[in-house]
Amino acid sequence: MTMANAGRPLEGIRVLDLSRVFAMPYCGAYLADLGAEVIKVETHHNAFVDTTRTLNGPYPDNKPGDLYYERGGTFHTLNRGKLSVTLDLRSEDALEVLRRLVSVSDVMLENFTPRVMRRFGLDYPNLKAVKPDLIMVSNTGYGHSGPWTNFGAMATALEPTHGTGAFTGYLDVDAHGNTSPGTVPNKIANSYTDFLASWTAQLAVLASLIHRARTGRGMWIDLAMYQVGTSFMGEGLLDFAFNGRRARRMGNRHETLSPHGCYPCLGNDQWAVIAARDDEDWLALCETMGMADLAGDARFVDPVTRHRNQDALDAIIAGWTASKNKYEVMNLLQAAGVPAGPVLDGRDMLKDPHFRARGYFESVEHEATTGLGRQEYVSRGWRMSGSDVRIRKSAPLLGEDNRYVLSQVLGLDDGKIAELEAAEAVGQTLAGAQTPSAVPLARQVELGWTVDYDEEYRK
Amino acid sequence: MVARRIPQLLPLNGVRVLELGGHVSAPFCARLLADYGADVIKVEQPGIGDEARRMGPFVGDDPHPDKSIPFLYLNTNKRGVTLDPATTAGARLLAELLGSADVVVENYPPGEKPAPMLETEYLAKHYPTLIVASITAFGQSGPYRNFAATDIVTTAFSGLMYHSGDSDREPLRNALNQSFYVAGINGAVATAAALFRRMATGQGQTIDVSTVECLASHLVQAVPYYSYMGAIKGRRPVRGSGFEELMPARDGYVIPSVQGSQPWSTVAELISEPGLHDERFASGSGRIEYGEEIYDLLIKGLAQWDRKALHQASGERRLVFGMAQDAGDLHECPHLREREFFRTVSHPVAGEVDYPGMGPRLSGMEYEVTRAAPLLGEHNGEIYGDELGRSAEGLAQLRALGAI
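Residues numbered from 1 in each chain as written. Chains lettered and ligands numbered in written order. Predicted model: local features only at pLDDT ≥ 70, side-chain atom pairs only at ≥ 80, totals over all residues. Heavy atoms only, no water.

A. Representation of the overall build of chain A within the structure. Regarding its fold elements, chain A presents 20 helices and 15 strands. Overall size of chain A, expressed as C-alpha extent along the three principal axes, is 85 × 55 × 50 Å. In chain A, buried positions account for 61% of the 459 residues. Expressed as a percentage of contacts within chain A between residues at least 6 apart in sequence, the contacts between residues at least 24 apart total 69%. Distance between charge centroids for chain A: 4 Å, based on 47 positive and 57 negative side chains. (Helix = DSSP H or I, 4+ residues; strand = E, 2+ residues; numbered from the N terminus. Buried < 20%, exposed > 50% of the residue type's maximum accessible area, 1.4 Å probe, protein only. Contact = heavy atoms within 4.5 Å. Lys, Arg positive; Asp, Glu negative; His and termini not counted. Charge placed at Lys NZ, Arg CZ, Asp CG, Glu CD.)

Structure, rendered in structure tokens:
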């Protein structure tokens, strides 16, 4: 091994990424960050293209433009570092190209329904015949077995199906402002299950690579997002198994700690959280709020009474936070050792000194035709010493690497490539595309999709 | 003929992991590695143990150190020892364990390692093949690294909380310590990557996991919303058609959905509310424009359905409706049962119930729970005696010294 590549854990590993939307594309992006060559196998036909190219945006200055499918910020986050080859799998020639690609790849990611993969002959038994030690992730809503196997799924609907809503929900509030455990389930933002599936797939692929290096054997990973999501609800499921408790919705409160909540701060939709772990935190909080007397109040003298009187306690704390900036709440309380912090939004995160100091956002230069210039993206929650793990390049243009893949990787001659192009089996322009219209930001604010916007955000 | 069970070869068999610290993130990370076959030794403080032993809920609501439900879930397939690294004898045992380990997973706050030999620099220098994964709230560097944090604080800093809940109410925490689970699995991903790399280079690595940044990596929409166009994405709007949101059915909540590739008429037919058969509702822009009208029709239509029947009917029509299930629904779920998701685990103090198992299914690999969560110091004799060669008297002496 040369020094130059010693720092890329997945140097020399080739990944075929046939997946779409969030969970598996993000897995592919992380494998690219780790140094794998990740080839996104997509199509240039609008009806089958990855919908994050066409439906998600956001676009620079909210202007999709003619090349909108090369310009979406969510697509670029989820597909950074990859190469792109377009193969229209309805063509037998394109399918043959894909099978040849499988034979020279190590890992394949896909999230079609079991039915579709069998129809294309791209299910694991067929591909194993082409590449005996292939590692393949088949990501579906419900997995390749069981009574719901053919049900389609998407993360936002799966999330409460695997139990998040049993443990996430506001408290009920009566006419007098008294609270009781919540009866209405709520959701966790941002397609939560997609990300659980992505982390789970990454771990399974890496474990399988270790296994293959030791045994020479490949692996098929049947990743059911419903089951993955449930595995993160383990504490709740065991509470049922042992105690028969089906749900527990506590708003922002905690089983035992108090105060424990989310409090309004100065400004539009500004909030801070505060959590007192023990009497020491509680005394420090009273001191910081300038309410030392509160510590002696009979309603709040110990954890049990504080927990019982949280409605009154939360009102007092909210009265104190309401006149303060959320960062001021953070600074005052953290200086006193009390767990507290601002509820950060997207703008706050991009400007926050801690994320900045750690270099959390990684930037890449985009291809000139996209007009994106240099943009920065969320990276990873971890760093490895001495490893060159980073976002290597931007997401690819549609079919950007057709030539490289067909000619360099597979060794097809120019005649064969021209034939594929003429038959529309490969292509670089989105066929049947219609430039989406963007809803103006002012209208988005009215609709409640957007809280606010800055005209001067580039500064 | 007697069928002889051949032990299966799991991907991480032969990899030894020492788990130090406690609570949720490092134990979950190590549990995942154990599920893939690693030999995980959980190291706890003598007489005190992992703080998760004092975390509720408890079996029978009895706050006993072997009845913490989070602890029981997070620590299957591990062996447990006790040692106090602040004692000379305990430090010697720890050094021997470190010498036998491939991976250390720990989650001490920065600057709060219980012994100098657990400092990352020391480990990297003296055990160059060791992989050290350190999981903290904010990471090992940066201005907030020493901030006090619990799960609600890390979730707030991550940006995830701002987008959770309803736009007319405060941001809402997602319960069950999710930030630390997400940090744990990210720690396992980085550890596995380092193990794979070590097979080529022979070198260990140190890994710095930030819980806040692991969750922040979920924000593939909210961050570009601002960096691309200056917009601040918030919580779900209170107005809207009700699709992709939790809506009341007869016996609970469902999520009606127009996603997937079925035409509007399939959706309208399923819900069987006549008013929904209207071409104005067939497009996305129409559903925005007439959102409140659709909402009222959905309320009427869904009130005729039980959630499980609707979910079944949706699946059969290739629609992607969801439903709100509670822990009981999941425990009894016929789909999870047929996929053999649960494993019956017997624990000497807590008793025997079905535990949720492993998320993915891997070909040729049967997920097994071979051990329930360890009692405090349960494997001291096995590891210090049988493996590190301490005699019975030696062990008694270690106990008397408070080293174990």
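B. Molecular detail of the environment of leucine 123 of chain B. Residue and element names in this part refer to chain B. Looking at where leucine 123 falls in the secondary structure, it is placed in helix α4 (residues 120–126). Measuring from C-alpha to C-alpha, the distance between leucine 123 and glutamate 213 comes to 25 Å, with 90 residues separating the pair along the chain. Once residues within four sequence positions are removed from consideration, leucine 123 is found in contact with Leu98, Met117, Leu118, Pro128, Leu130 and Val132.

C. Fine view of unusual backbone geometry. The step from serine 258 of chain A to proline 259 of chain A runs through a cis peptide bond, and the omega angle for that step is -5°. Note the cis peptide between glycine 56 of chain B and proline 57 of chain B, where omega equals -5°. Note on placement: proline 57 of chain B falls in the loop between β2 (39–44) and α2 (69–74).

D. Representation of the interface of chain A and chain B. Residue-level contacts link 165 residues of chain A with 150 residues of chain B. Of the roughly 13,700 Å² buried at the junction of chain A and chain B (both faces included), carbon and sulfur atoms supply 64%. Counting every contact that joins chain A to chain B gives nine salt bridges. Two residues, aspartate 61 of chain B and arginine 245 of chain A, come together in a salt bridge whose shortest N-O distance is 3.1 Å. On the surface where chain A and chain B come into contact, there are 60 residue pairs in polar contact (both at pLDDT 80 or more). Among the elements that line the side of chain A that touches chain B, the one with the most residues is helix α9 (residues 192–215) of chain A, at 17 residues. The class makeup of the residues in the side of chain A that touches chain B is 86 nonpolar, 54 polar and 25 charged. Of the strand pairs in this sheet, strand β15 (residues 450–453) of chain A and strand β7 (residues 231–233) of chain B are connected by three bridges, and their pairing is antiparallel. Paired with aspartate 452 of chain A across the bridge in β7 of chain B is isoleucine 232 of chain B. (Buried area = accessible area lost by both parts, 1.4 Å probe. Salt bridge = Lys/Arg side-chain N within 4 Å of Asp/Glu carboxyl O. Polar contact = N/O pair within 3.5 Å; in protein donor to acceptor, adjacent residues only side chain to side chain. Nonpolar A, V, L, I, M, F, W, Y, C, P; charged D, E, K, R; others polar. Pairing = 2+ DSSP bridges.)

E. Up close: the environment of glutamate 446 of chain A. Residues and elements named next belong to chain A. Mapped onto the elements of the fold, glutamate 446 is located in helix α20 (residues 441–447). With twelve residues separating them along the chain, glutamate 446 and glutamine 434 place their C-alpha atoms 26 Å apart. Here the side chain of glutamate 446 touches arginine 443 through a polar contact of 3.0 Å, side chain to side chain.

F. Local environment of the sheet that holds strand β10 (residues 322–323) of chain B. Residues and elements named next belong to chain B. Ordered in space as β8-β9-β10, the three strands form an open sheet in which the pairing is antiparallel. The two strands at the open ends of the sheet, each matched to only one other strand, are β8 (247–249) and β10. Taken together, the three bridges between β8 and strand β9 (residues 252–255) define a ladder with antiparallel strand orientation. Looking at β9, one finds that proline 248 is bridged to tyrosine 253. Contacting β8 and β9, helix α11 (residues 291–302) runs over the sheet at an angle of about 25° to β8. (Axes fitted to C-alpha atoms, helices over the stretch in contact; angles between N-to-C directions.)

G. Spatial organisation of the sheet that holds strand β10 (residues 271–275) of chain A. Spatially, the three strands line up as an open sheet ordered β9-β10-β11 (chain A), and their pairing is antiparallel. Pairing within the sheet leaves two strands with one partner each, and these edge strands are β9 (260–264) and β11 (340–342) of chain A. The sheet shows a mean angle of 20° between the axes of neighbouring strands, direction not considered. Two strands pair when backbone bridges link them, and β10 of chain A and β11 of chain A are joined in this way by three bridges, in the antiparallel orientation. Its bridge partner lying in β11 of chain A, isoleucine 274 of chain A is registered against alanine 340 of chain A. Helix α5 (residues 151–158) of chain B rests against β9, β10 and β11 of chain A of the sheet, and its axis sits at about 15° to β11 of chain A.

H. Expanded view of helix α18 (residues 402–409) of chain A. Residue and element names in this part refer to chain A. When α18 is considered as a whole, its buried residues turn out to be Asn402, Val405, Leu406 and Val409. Buried residues along α18 cover an arc of 115° about the axis, so they all sit on one side. In the stretch just after α18, glycine 411 is the one whose phi turns positive, near 70°. (Arc of directions from axis to C-beta.)

I. Representation of the domain arrangement of chain A in the model. Domain boundaries in chain A define domain 1 (14–231 + 357–447) and domain 2 (260–264 + 271–342). The C-alpha-based centres of domain 1 of chain A and domain 2 of chain A are spaced at 43 Å. (Domains from an automatic or database assignment.)

J. Fine view of the environment of threonine 154 of chain B. Residues and elements named next belong to chain B. Relative to the elements of secondary structure, threonine 154 occurs in helix α5. The class for threonine 154 is buried, based on a relative accessible area of 0%. Along the backbone, threonine 154 and alanine 137 are 17 residues apart, and their C-alpha atoms lie at a distance of 6.4 Å. When residues no more than four places from it in sequence are discounted, the contact partners of threonine 154 are Ala137, Ala149, Ser179, Phe180, Thr211 and Val212. Polar contacts involving the side chain of threonine 154 include one to the main-chain carbonyl oxygen of aspartate 151, which spans 2.9 Å.

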